[in-house]
Amino acid sequence: MNHLKQTLRAASSSSISWKPTEKLQQTISSEISKSGKTLHSGDTSTVRLLPALAGEGRYFVFNGREIPASIDFTKESPLCTTLSRNGVRVRTVEHLLSALEALNVDNCRIEVTGADEVPLLDGSAKELVEAVDKSGLSVCKDNNGNTKEKLAPFVNEPVHVWRNDSFIAAFPSPRSFLPGRNGLIKGGSAENAIVCCSSEGWLNPPLRFNEPCQHKVLDLVGDLSVLLENGNQGFPVAHIVAYKGGHSYTQNLFAVLLGKSLEEDSLLLTPKMDVSTRC
(Lines give C-alpha, C1' and ligand atoms only; values in the text may rest on other atoms or scores of the structure.)
Protein backbone atom coordinates (compact mmCIF):
# COMPACT_ATOMS: atom_id res chain seq x y z
CA MET A 1 0.00 0.00 0.00
CA ASN A 2 2.86 2.42 0.76
CA HIS A 3 4.35 1.72 -2.67
CA LEU A 4 0.96 2.41 -4.25
CA LYS A 5 0.68 5.77 -2.48
CA GLN A 6 4.21 6.73 -3.57
CA THR A 7 3.36 5.87 -7.17
CA LEU A 8 0.19 7.95 -7.04
CA ARG A 9 2.01 10.99 -5.66
CA ALA A 10 4.84 10.72 -8.18
CA ALA A 11 2.59 10.25 -11.20
CA SER A 12 0.04 12.97 -10.52
CA SER A 13 0.22 16.48 -11.97
CA SER A 14 -2.14 19.45 -11.89
CA SER A 15 -3.90 18.21 -15.04
CA ILE A 16 -4.09 14.49 -14.24
CA SER A 17 -4.37 12.33 -11.14
CA TRP A 18 -3.65 8.62 -10.95
CA LYS A 19 -6.25 6.72 -8.97
CA PRO A 20 -6.78 3.05 -8.09
CA THR A 21 -9.26 1.14 -10.25
CA GLU A 22 -9.89 -1.69 -7.78
CA LYS A 23 -8.85 -4.05 -10.58
CA LEU A 24 -5.78 -6.29 -10.71
CA GLN A 25 -3.30 -6.09 -13.58
CA GLN A 26 -3.70 -8.76 -16.26
CA THR A 27 -1.78 -10.37 -19.09
CA ILE A 28 -2.59 -12.79 -21.91
CA SER A 29 -2.90 -16.45 -20.99
CA SER A 30 -0.97 -17.86 -23.95
CA GLU A 31 1.33 -16.86 -26.79
CA ILE A 32 -0.06 -15.08 -29.86
CA SER A 33 1.72 -14.78 -33.20
CA LYS A 34 0.71 -12.86 -36.34
CA SER A 35 2.63 -12.28 -39.59
CA GLY A 36 1.98 -10.14 -42.63
CA LYS A 37 2.97 -7.25 -44.83
CA THR A 38 3.79 -3.95 -43.15
CA LEU A 39 2.12 -0.67 -44.06
CA HIS A 40 4.99 1.71 -44.81
CA SER A 41 7.94 -0.39 -45.98
CA GLY A 42 5.83 -3.09 -47.62
CA ASP A 43 8.12 -5.74 -46.11
CA THR A 44 6.98 -8.70 -44.01
CA SER A 45 7.15 -8.87 -40.24
CA THR A 46 5.97 -11.10 -37.41
CA VAL A 47 4.64 -9.90 -34.07
CA ARG A 48 4.71 -12.34 -31.16
CA LEU A 49 2.80 -11.53 -27.95
CA LEU A 50 3.88 -13.22 -24.73
CA PRO A 51 2.62 -13.09 -21.12
CA ALA A 52 4.48 -10.64 -18.87
CA LEU A 53 4.86 -10.09 -15.13
CA ALA A 54 2.80 -7.59 -13.17
CA GLY A 55 4.39 -4.15 -13.31
CA GLU A 56 6.34 -4.80 -16.51
CA GLY A 57 3.76 -3.07 -18.65
CA ARG A 58 3.60 -3.43 -22.42
CA TYR A 59 6.97 -3.38 -24.12
CA PHE A 60 8.41 -4.21 -27.54
CA VAL A 61 11.51 -6.24 -28.31
CA PHE A 62 13.26 -5.68 -31.65
CA ASN A 63 16.77 -6.86 -32.52
CA GLY A 64 17.22 -7.92 -28.91
CA ARG A 65 16.48 -4.42 -27.56
CA GLU A 66 13.54 -3.59 -25.31
CA ILE A 67 11.41 -0.49 -25.94
CA PRO A 68 8.65 0.25 -23.39
CA ALA A 69 5.32 1.30 -24.90
CA SER A 70 5.55 4.55 -22.96
CA ILE A 71 5.23 8.23 -23.81
CA ASP A 72 8.93 8.64 -22.91
CA PHE A 73 9.88 6.64 -26.00
CA THR A 74 7.41 7.95 -28.59
CA LYS A 75 8.94 9.67 -31.60
CA GLU A 76 7.06 11.93 -33.96
CA SER A 77 6.83 10.29 -37.38
CA PRO A 78 4.56 10.71 -40.42
CA LEU A 79 1.36 8.67 -40.59
CA CYS A 80 2.13 6.32 -37.70
CA THR A 81 3.25 6.08 -34.09
CA THR A 82 6.88 5.12 -33.58
CA LEU A 83 8.62 3.95 -30.41
CA SER A 84 12.38 4.47 -30.31
CA ARG A 85 15.16 3.77 -27.81
CA ASN A 86 18.94 3.88 -28.22
CA GLY A 87 18.74 3.94 -32.01
CA VAL A 88 16.27 1.05 -32.29
CA ARG A 89 12.69 1.72 -33.39
CA VAL A 90 9.39 -0.06 -33.95
CA ARG A 91 6.79 1.65 -36.14
CA THR A 92 3.02 1.48 -36.66
CA VAL A 93 2.30 0.25 -33.14
CA GLU A 94 -1.00 2.11 -32.67
CA HIS A 95 -3.48 -0.58 -33.77
CA LEU A 96 -1.87 -3.27 -31.62
CA LEU A 97 -1.66 -1.01 -28.58
CA SER A 98 -5.26 0.08 -29.10
CA ALA A 99 -6.42 -3.54 -29.02
CA LEU A 100 -4.36 -4.37 -25.92
CA GLU A 101 -5.55 -1.25 -24.09
CA ALA A 102 -9.21 -1.84 -24.93
CA LEU A 103 -9.03 -5.51 -23.88
CA ASN A 104 -7.21 -4.75 -20.59
CA VAL A 105 -3.97 -6.52 -21.50
CA ASP A 106 -1.92 -4.47 -19.04
CA ASN A 107 1.36 -6.36 -19.25
CA CYS A 108 2.71 -7.95 -22.43
CA ARG A 109 6.03 -8.72 -24.07
CA ILE A 110 5.77 -7.88 -27.79
CA GLU A 111 8.49 -9.32 -30.02
CA VAL A 112 8.80 -7.98 -33.57
CA THR A 113 10.97 -9.74 -36.17
CA GLY A 114 11.61 -8.96 -39.82
CA ALA A 115 10.71 -5.36 -40.66
CA ASP A 116 10.70 -2.74 -37.91
CA GLU A 117 6.91 -2.45 -38.11
CA VAL A 118 3.94 -4.28 -36.68
CA PRO A 119 2.22 -6.18 -39.54
CA LEU A 120 -0.80 -4.38 -40.98
CA LEU A 121 -2.99 -7.51 -41.26
CA ASP A 122 -6.44 -6.45 -42.57
CA GLY A 123 -5.80 -2.77 -41.77
CA SER A 124 -7.80 -2.80 -38.53
CA ALA A 125 -7.38 -4.40 -35.08
CA LYS A 126 -9.94 -7.15 -35.78
CA GLU A 127 -7.49 -10.07 -36.05
CA LEU A 128 -5.59 -8.93 -32.97
CA VAL A 129 -8.77 -8.62 -30.90
CA GLU A 130 -9.91 -12.08 -31.99
CA ALA A 131 -6.52 -13.56 -31.11
CA VAL A 132 -6.54 -12.02 -27.62
CA ASP A 133 -10.11 -13.19 -27.03
CA LYS A 134 -9.05 -16.72 -28.01
CA SER A 135 -6.02 -16.59 -25.71
CA GLY A 136 -7.93 -15.23 -22.75
CA LEU A 137 -6.58 -13.15 -19.87
CA SER A 138 -5.01 -14.04 -16.53
CA VAL A 139 -4.26 -12.02 -13.41
CA CYS A 140 -0.50 -11.61 -13.38
CA LYS A 141 2.00 -11.55 -10.51
CA ASP A 142 5.41 -9.94 -10.08
CA ASN A 143 8.70 -11.71 -9.36
CA ASN A 144 7.73 -12.01 -5.70
CA GLY A 145 4.41 -13.65 -6.47
CA ASN A 146 2.36 -10.56 -5.65
CA THR A 147 -0.51 -9.14 -7.66
CA LYS A 148 -0.67 -5.41 -8.43
CA GLU A 149 -3.60 -3.05 -8.53
CA LYS A 150 -4.13 -1.16 -11.76
CA LEU A 151 -4.11 2.65 -11.73
CA ALA A 152 -5.92 4.94 -14.18
CA PRO A 153 -5.24 8.56 -15.16
CA PHE A 154 -8.10 10.99 -14.48
CA VAL A 155 -8.10 14.35 -16.25
CA ASN A 156 -8.67 17.14 -13.69
CA GLU A 157 -9.07 20.18 -15.96
CA PRO A 158 -9.73 20.91 -19.64
CA VAL A 159 -6.62 20.82 -21.83
CA HIS A 160 -6.19 21.09 -25.58
CA VAL A 161 -3.81 21.67 -28.46
CA TRP A 162 -4.69 23.12 -31.85
CA ARG A 163 -3.33 24.31 -35.16
CA ASN A 164 -5.53 26.27 -37.58
CA ASP A 165 -8.90 24.45 -37.51
CA SER A 166 -7.54 21.13 -36.18
CA PHE A 167 -7.49 20.27 -32.49
CA ILE A 168 -7.67 17.62 -29.79
CA ALA A 169 -9.06 18.31 -26.33
CA ALA A 170 -9.57 16.39 -23.09
CA PHE A 171 -12.26 17.32 -20.57
CA PRO A 172 -12.83 15.88 -17.09
CA SER A 173 -15.38 13.09 -17.21
CA PRO A 174 -17.52 11.72 -14.35
CA ARG A 175 -17.48 8.29 -15.97
CA SER A 176 -14.76 6.08 -17.38
CA PHE A 177 -14.95 4.65 -20.87
CA LEU A 178 -12.82 2.75 -22.27
CA PRO A 179 -2.47 8.58 -48.76
CA GLY A 180 0.70 7.00 -49.99
CA ARG A 181 3.48 9.62 -50.03
CA ASN A 182 7.09 10.29 -49.04
CA GLY A 183 8.00 6.65 -49.56
CA LEU A 184 5.42 5.43 -47.04
CA ILE A 185 2.37 3.14 -47.18
CA LYS A 186 4.06 0.77 -49.61
CA GLY A 187 2.19 -2.14 -48.02
CA GLY A 188 -1.26 -0.60 -48.33
CA SER A 189 -3.74 -2.06 -50.79
CA ALA A 190 -7.45 -2.21 -51.54
CA GLU A 191 -7.62 -5.27 -49.25
CA ASN A 192 -6.24 -3.63 -46.12
CA ALA A 193 -6.88 0.10 -46.62
CA ILE A 194 -9.39 2.54 -48.02
CA VAL A 195 -8.08 4.86 -50.69
CA CYS A 196 -9.29 8.43 -51.10
CA CYS A 197 -8.45 10.82 -53.94
CA SER A 198 -9.02 14.56 -53.53
CA SER A 199 -10.55 14.79 -57.03
CA GLU A 200 -12.37 11.44 -57.35
CA GLY A 201 -13.32 10.58 -53.76
CA TRP A 202 -13.22 6.98 -52.48
CA LEU A 203 -11.50 4.74 -55.03
CA ASN A 204 -12.48 1.38 -53.52
CA PRO A 205 -16.02 1.70 -52.09
CA PRO A 206 -18.25 0.58 -50.52
CA LEU A 207 -16.98 1.16 -46.98
CA ARG A 208 -17.64 -1.54 -44.37
CA PHE A 209 -19.06 1.16 -42.05
CA ASN A 210 -17.89 4.67 -41.14
CA GLU A 211 -14.31 3.49 -41.54
CA PRO A 212 -12.46 6.83 -41.63
CA CYS A 213 -13.98 7.95 -38.33
CA GLN A 214 -13.60 4.60 -36.58
CA HIS A 215 -10.04 4.24 -37.84
CA LYS A 216 -9.15 7.60 -36.30
CA VAL A 217 -10.66 6.43 -32.99
CA LEU A 218 -8.61 3.23 -33.22
CA ASP A 219 -5.44 5.29 -33.70
CA LEU A 220 -6.39 7.67 -30.89
CA VAL A 221 -6.89 4.90 -28.32
CA GLY A 222 -3.57 3.33 -29.31
CA ASP A 223 -1.72 6.63 -29.10
CA LEU A 224 -3.23 7.52 -25.72
CA SER A 225 -2.38 4.08 -24.33
CA VAL A 226 1.29 5.06 -23.93
CA LEU A 227 0.48 7.64 -21.24
CA LEU A 228 1.86 5.40 -18.50
CA GLU A 229 3.72 2.12 -18.28
CA ASN A 230 4.21 -0.34 -15.38
CA GLY A 231 0.99 -2.20 -16.16
CA ASN A 232 -1.39 0.69 -15.51
CA GLN A 233 -4.17 2.05 -17.70
CA GLY A 234 -2.95 4.46 -20.37
CA PHE A 235 -6.19 5.77 -21.81
CA PRO A 236 -7.26 8.72 -19.63
CA VAL A 237 -10.62 8.88 -17.87
CA ALA A 238 -11.87 11.92 -19.76
CA HIS A 239 -14.12 13.12 -22.54
CA ILE A 240 -11.88 13.30 -25.61
CA VAL A 241 -12.83 15.53 -28.56
CA ALA A 242 -10.74 15.55 -31.74
CA TYR A 243 -11.24 17.33 -35.05
CA LYS A 244 -8.81 16.63 -37.89
CA GLY A 245 -6.46 15.25 -35.27
CA GLY A 246 -3.50 12.95 -35.71
CA HIS A 247 -0.53 11.31 -34.00
CA SER A 248 1.38 14.55 -33.43
CA TYR A 249 -1.66 16.19 -31.84
CA THR A 250 -1.96 13.34 -29.34
CA GLN A 251 1.73 13.57 -28.45
CA ASN A 252 1.41 17.30 -27.85
CA LEU A 253 -1.65 16.70 -25.68
CA PHE A 254 0.52 14.42 -23.54
CA ALA A 255 2.96 17.28 -23.04
CA VAL A 256 0.18 19.51 -21.72
CA LEU A 257 -1.23 16.81 -19.43
CA LEU A 258 2.19 16.03 -17.99
CA GLY A 259 3.23 19.66 -17.62
CA LYS A 260 6.09 19.38 -20.10
CA SER A 261 7.23 22.24 -22.33
CA LEU A 262 6.78 22.02 -26.09
CA GLU A 263 9.26 22.92 -28.79
CA GLU A 264 8.74 26.31 -30.42
CA ASP A 265 7.56 24.72 -33.65
CA SER A 266 5.06 22.44 -31.91
CA LEU A 267 1.33 22.93 -32.00
CA LEU A 268 -0.14 25.99 -30.34
CA LEU A 269 -1.59 25.21 -26.94
CA THR A 270 -3.13 26.60 -23.79
CA PRO A 271 -3.36 24.64 -20.55
CA LYS A 272 -7.02 25.55 -20.07
CA MET A 273 -9.88 25.98 -22.52
CA ASP A 274 -12.81 28.39 -22.38
CA VAL A 275 -15.56 25.90 -23.18
CA SER A 276 -18.22 28.58 -23.55
CA THR A 277 -16.35 30.35 -26.38
CA ARG A 278 -14.50 27.52 -28.13
CA CYS A 279 -16.93 24.59 -28.03
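Not measured: the values here are computed from a predicted model. Each chain carries its own residue numbering, running from 1 in the direction its sequence is written. In keeping with the predicted nature of the model, local features appear solely for residues at pLDDT of at least 70, side-chain atom pairs appear and are counted solely at 80 or more, and the whole-chain, interface and lining totals rest on all residues. To obtain the side-chain values, all non-hydrogen atoms of the structure were included, while hydrogens and water were left out.

Quick look at the side chain of Asp116
Secondary structure follows DSSP: runs of H or I at least 4 residues long count as helices, runs of E at least 2 residues long count as strands, and numbering of each begins at the N terminus. Positionally, Asp116 belongs in the loop between strand 10 (108-114) and helix 3 (126-135). Relative accessibility under 20% of the residue-type maximum defines a buried residue, over 50% an exposed one, and the middle range a partly exposed one, all with a 1.4 Å probe and only protein chains included. Residue Asp116 is classed as buried on the basis of its relative accessible area of 15%. Within 3.5 Å is the distance limit for a polar contact, defined as a pair of N or O atoms, with the added protein rule that one can donate a hydrogen and the other accept it, and that residues adjacent in sequence qualify only through two side-chain atoms. Reaching out from Asp116, the side chain makes a polar contact with the side chain of Arg89 at a distance of 2.7 Å. Once residues lying within four places of it in the same chain are set aside, the contact partners of Asp116 are Phe62, Arg89, Val90 and Arg91. Any two residues whose heavy atoms approach within 4.5 Å at even a single point are treated as in contact.

Quick look at the pattern of salt bridges
Any carboxyl oxygen of Asp or Glu that lies within 4 Å of a side-chain nitrogen of Lys or Arg is treated as forming a salt bridge with it. Inspection of every chain in the model, using the stated rule, returns 11 salt bridges. Between Glu111 and Arg48 there is a salt bridge whose closest N-O contact spans 2.8 Å. Here Arg48 lies in strand 4 (residues 44-51) and Glu111 lies in strand 10, a separation of 63 residues in the sequence. Arg58 is the partner of Glu101 in a salt bridge, and the nearest nitrogen-oxygen pair spans 2.5 Å. A residue pair is termed long-range when its members are at least 10 positions apart, and Glu101 in helix 2 (residues 94-102) and Arg58 in strand 5 (residues 58-62) qualify at 43 residues. Assigned by exposure class, Glu101 and Arg58 land together as buried. In the salt-bridge network here, residues are joined through shared partners; they are Glu31, Arg48, Glu66, Arg109 and Glu111.

Re the sheet that holds strand 3 (residues 32-37)
Strand pairing in a sheet relies on backbone hydrogen bonds, with the paired strands running either antiparallel or parallel. At least two bridges found by DSSP between two strands are what make those strands a pair. Taken together, 5 strands build an open sheet; the order of strands is 3-4-10-5-6 and the sheet is mixed. Looking along the sheet, the strands with just one partner apiece sit at the ends: strand 3 and strand 6 (65-68). For this sheet the average axis-to-axis angle between neighbouring strands, irrespective of direction, equals 20°. Where strand 5 and strand 10 come together, 5 bridges link them in parallel fashion. Residue Tyr59 lies in a different strand from strand 10, and its bridge partner there is Arg109. Along the sheet, helix 2 contacts strand 4, strand 5 and strand 10; its crossing angle with strand 5, the most-contacted strand, is approximately 150°. Helix axes are fitted only over the stretch in contact, all axes being lines through C-alpha atoms; the angle between N-to-C directions runs from 0 to 180 degrees.

Thoughts on helix 3
All of the buried residues along helix 3 are Leu128, Ala131, Val132 and Ser135. With its buried residues spanning 95° around the axis, helix 3 presents them on a single face. For helix 3, the exposed residues lying more than 90 degrees away from the buried face are Asp133 and Lys134. Looking at the buried residues of helix 3, the elements they touch are strand 2 (26-28), strand 3, helix 2 and strand 11 (137-139). Looking one or two residues beyond helix 3, the residue adopting positive phi is Gly136, at roughly 85°. Here the arc refers to the set of directions running from the helix axis out to each C-beta atom.

So, the packing of aromatic side chains
In summary, the pairing rule links any two rings of Phe, Tyr or Trp, Trp by its six-membered ring, whose centres are within 6.5 Å, and it sorts them by plane angle into stacked for under 30 degrees, edge-to-face for over 60 and tilted for everything else. One pass over the structure, following the stated rule, counts 0 aromatic pairs. The rule is short: NZ of Lys or CZ of Arg within 6 Å of the ring centre and within 35 degrees of the ring normal puts a charge over the ring. Of note, Lys19 hangs over the ring of Phe154, and the distance from its end group to the ring centre comes to 4.8 Å.

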